[in-house]
Amino acid sequence: MEGLRERAVAGGRDGGAPALVSSAHVTSDTPEAAHRLAEALGAGPFGLVILFVSPGADVAALAREAEAVFGAVPVIGCTTAGEISSDGYTEGEIVAVALPEAHFRARPVVVRDLARLDREALIGRLIRERDALARDRADWPGEFAFLMVDGLSTREDELASALAAGLGPVPLFGGSAADGVRFRETFVIHNAEVLRDAAVLALVRSDCRVRVFNLDHFRPTDQRMVVTEADPARRIVRRINAEPAAQEYARLLGKDPDQLDSFTFAAHPVVVRIGGKHHVRAIREVAPNGDLVFFSAIDEGLVLTLAEPQDLVGHLAGELAALGAEGPPSAIVACDCVLRRMEALDSQAVGAVSRLLRQHRVVGFSTYGEQLNGMHVNQTMTGVAIYPPEEP
């Protein structure tokens, strides 16, 4: 079938039963892409279908077609800065992930108008949706929440905090929808709707064992700096150590400010210490006036620490192996920061990373930021490892 490349993430059960989790991928210009994906995923029935969509696709047409093809099955998705398929890192594709109804129940929650987020109303809504899902399958122990959010909304920090309050003990992971490296427009998908300034959250319950995880490969150095002038609402830092931001950041790296680019930011991130742990506050770009634009929350008085990377491939190999220490996951759905992909490109490690992703059955997308429980973070991989159900 021309244009189609697919592979089930996990093999079938004995007797030819359907895979625990299935995935398929097609090029973004494939005619009738949703039909092709549905054929590759199999008959189902499914509890949830997730689409990771290259921004080069006709997203609106895909969403309409997917709703028609999958019928009553909830379909959610977002645009990407690259996809992770059964081939590893890919670009210019549409990746579909299907969770079979035999093992998963899902309730999508759409959050519109992020610029005017009603925190209390959202918390109450989540509590009701969680209760309804628990009543549906009270005998299933596995539970997680998966978030996709407009990556140019600048509202991920506020949203993640509100969601965590409504989710209680339910672990959350997610990613910010992306637009390649153009930073012009990002979309989330809910059935036939293609939305901006919005998020879609899937509450998922399963009879499988699940583990939400987050990993990064950076160590803080002794080199610190202070944000002395910022525009927090726009995630802009104007001055560091009372000097123009890009100029001072470049000086600390021993570089010319004109040399700063996305590969520099990927290789030399800054971190902040929160709750006893360092978290990356990734730089997105240098503004024409020399300001630094960040991917996540920033404010005056914040102490930033330069970080240095460990070996990306070796670290990822160790972390993915640890997820399978007591038996390998059947599948991993992951949100991987675009800066990790850029670092892999810059270090010529894309092939090695892709081999690890294939080996460990990872599917997902490259993001403009990641969410873990109540936090919005950068330059990490976050996701859920899904293990076979416990034998009765």
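Only a predicted model underlies this, so the values are computations on that prediction, with no experimental measurement involved.

Criteria and thresholds
- Residues numbered from 1 in each chain as written.
- Predicted model: local features only at pLDDT ≥ 70, side-chain atom pairs only at ≥ 80, totals over all residues.
- Heavy atoms only, no water.
- Helix = DSSP H or I, 4+ residues; strand = E, 2+ residues; numbered from the N terminus.
- Rg over C-alpha atoms; globule rule 2.2 N^0.38 Å.
- Buried < 20%, exposed > 50% of the residue type's maximum accessible area, 1.4 Å probe, protein only.
- Contact = heavy atoms within 4.5 Å.
- Areas by Shrake-Rupley, 256 points an atom, 1.4 Å probe, with all protein chains shown as cover.
- Axes fitted to C-alpha atoms, helices over the stretch in contact; angles between N-to-C directions.
- Parallel < 35°, antiparallel > 145°, perpendicular 65-115°, else oblique.
- Left-handed = near helix turned anticlockwise from the far one by under 90°.
- Nonpolar A, V, L, I, M, F, W, Y, C, P; charged D, E, K, R; others polar.
- Pairing = 2+ DSSP bridges.

Draft legend 1. Structural context of the overall build of the protein chain. From N to C terminus, the protein chain includes nine helices and 27 strands. Relative to a compact globule of 392 residues, whose C-alpha radius of gyration would be 21 Å, the protein chain shows 20 Å and is just as compact. With respect to the three principal axes, the spread of C-alpha positions in the protein chain is 65 × 45 × 40 Å. The 392 residues of the protein chain split such that 55% are buried. Restricting to contacts in the protein chain with at least 6 residues of sequence separation, those with at least 24 account for 80%. Total accessible area on the protein chain is roughly 15600 Å²; 46% of this is exposed by carbon and sulfur atoms.

Draft legend 2. The packing of helix 3 (residues 119-136) against helix 4 (residues 156-167), seen in detail. Relative to each other, helix 3 and helix 4 sit at 40°, their axes nearing to 8 Å. Looking at the two axes, helix 3 sits oblique to helix 4. Crossing geometry of helix 3 relative to helix 4 is assigned as right-handed. Contacts between helix 3 and helix 4 pair Arg119, Leu122, Ile123, Leu126, Ile127 and Arg130 from the former with Glu158, Leu159, Ser161, Ala162, Leu163, Ala165, Gly166 and Leu167 from the latter. Class assignment of the residues belonging to the contact of helix 3 with helix 4 gives a composition of nine nonpolar, two polar and three charged.

Draft legend 3. Seen up close, the sheet that holds strand 14 (residues 209-215). Reading across from one edge, 6-5-24-23-27-14 is the order of the six strands in this open sheet, with mixed pairing throughout. Every interior strand has two partners, whereas the edge strands, strand 6 (88-90) and strand 14, have only one. Each neighbouring strand pair of the sheet contributes to a mean axis angle of 15°, computed without reference to strand direction. Sheet contacts for helix 8 (residues 338-346): strand 5 (83-85), strand 6, strand 14, strand 23 (331-337), strand 24 (362-367) and strand 27 (381-387); angle to strand 23, the most-contacted strand, approximately 85°. Packed on one face of the sheet, helix 9 (residues 350-359) meets strand 5, strand 6, strand 24 and strand 27 and runs near 120° to strand 6.

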